[in-house]
Amino acid sequence: ILNVEQSPQSLHVQEGDSTNFTCSFPSSNFYALHWYRWETAKSPEALFVMTLNGDEKKKGRISATLNTKEGYSYLYIKGSQPEDSATYLCALFNAGNNRKLIWGLGTSLAVNP
Amino acid sequence: DGGITQSPKYLFRKEGQNVTLSCEQNLNHDAMYWYRQDPGQGLRLIYYSQIVNDFQKGDIAEGYSVSREKKESFPLTVTSAQKNPTAFYLCASSIRGQGIYEQYFGPGTRLTVT
């Protein structure tokens, strides 16, 4: 059974702090790794889809890196703002997994003003 | 405005009744998905469809049924055979179904069965 793990489960930071969290996954048969942001009372929104080992993607103050050999991805938020408060989900698409995403439980981020 | 709509936002049903959740997209996406979220669990795939008139079971398809008669629509029926139907249901779509395309989500339907 494939397992995608995210850590920490929750995080509280002050406005202006930079922060990062981890998504760990089995490295065999890797195909793609997705990151989504899910704000309360809104729909999950895609941040990145990453496919290549060593890939680094950036969207504003948010960036992500990918290591497919060791099976992890980091999401970084630089200078956190209250509007960054959300749950950040990662999901693995594994080539041998009946072609569907396996979702982590998410990291819940709260940014205090 | 392109996007995915789900209706209704909240749904209440008596045990033993079937109920159908609506999902419509105008993004011209081939693939559509139904997920269920329960407290303390990740999103779990119920059914997905990669093309019109075709769909596959996900991890927890028992007690659910779907149809994909039109590209824009992927309704989910929660039948009386589903043991624990009370949950938050999310519909999503992507351009194609190969896993490298981001998914776009609807606002969700919270179903309560008593």
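Look up a bit, the structure's there.
The model shown is predicted, which means the values in this text are computed figures rather than measured ones. (Residues numbered from 1 in each chain as written. Chains lettered and ligands numbered in written order. Predicted model: local features only at pLDDT ≥ 70, side-chain atom pairs only at ≥ 80, totals over all residues. Heavy atoms only, no water.)

A. Structural context of the nonpolar core. In terms of nonpolar packing, the biggest core is built from 24 residues, with A:Leu33, A:Trp35, A:Leu75 and A:Tyr88 touching the most fellow members. Where this core is concerned, the elements lending two or more residues are strand E2 (10-14), strand E3 (19-24), strand E4 (30-38), strand E5 (45-50), strand E7 (62-67), strand E8 (72-77), strand E9 (86-94) and strand E11 (107-112) of chain A. In terms of residues, this core owes the most to one element, E9(A), which gives 4 residues. Setting aside chain neighbours within four positions, we find A:Tyr88 in contact with A:Gln6, A:Phe21, A:Trp35, A:Tyr36, A:Arg37, A:Leu47, A:Leu75, A:Ile77, A:Gly106, A:Thr107 and A:Leu109. Counting residues in each nonpolar core, the second largest holds 21 residues, with B:Ile4, B:Val19, B:Phe74 and B:Cys91 among its members. (Core = buried A, V, L, I, M, F, W, Y, C linked by side-chain atoms within 4.5 Å. Buried < 20%, exposed > 50% of the residue type's maximum accessible area, 1.4 Å probe, protein only. Helix = DSSP H or I, 4+ residues; strand = E, 2+ residues; numbered from the N terminus. Contact = heavy atoms within 4.5 Å.)

B. A look at empty space enclosed by the protein. Under the defined criterion, the tally for this structure stands at 1 cavity of 30 Å³ or more. Each pocket or cavity is described by its volume, and for the largest cavity that value is around 70 Å³. Contributing to the lining of the largest cavity are A:Phe93, A:Arg99, A:Lys100, A:Leu101, B:Tyr33, B:Tyr35, B:Leu45, B:Tyr48, B:Gln50, B:Gly97, B:Gly99 and B:Gln103. Those elements that provide at least two residues to the lining of the largest cavity are strand E4 (31-37) and strand E5 (44-51) of chain B. In terms of residue count, the dominant contributor to the lining of the largest cavity is E5(B) (3 residues). (1 Å grid on protein atoms, 1.4 Å probe; cavity = no way out; pocket = protein on both sides within 12 Å on 5 of 7 lines; lining within 4 Å. Points joined across faces, edges and corners; volume = space filled by probe spheres on them.)

C. Molecular detail of the pattern of salt bridges. All names here are of chain A. Evaluated as defined, the whole model comprises 8 salt bridges over all chains. Between Asp84 and Arg61 there is a salt bridge, with its nearest N and O atoms 2.8 Å apart. In this pair, Asp84 sits in the loop between E8 and E9 while Arg61 sits in the loop between strand E6 (56-59) and E7, placing the two residues 23 residues apart along the sequence. (Salt bridge = Lys/Arg side-chain N within 4 Å of Asp/Glu carboxyl O.)

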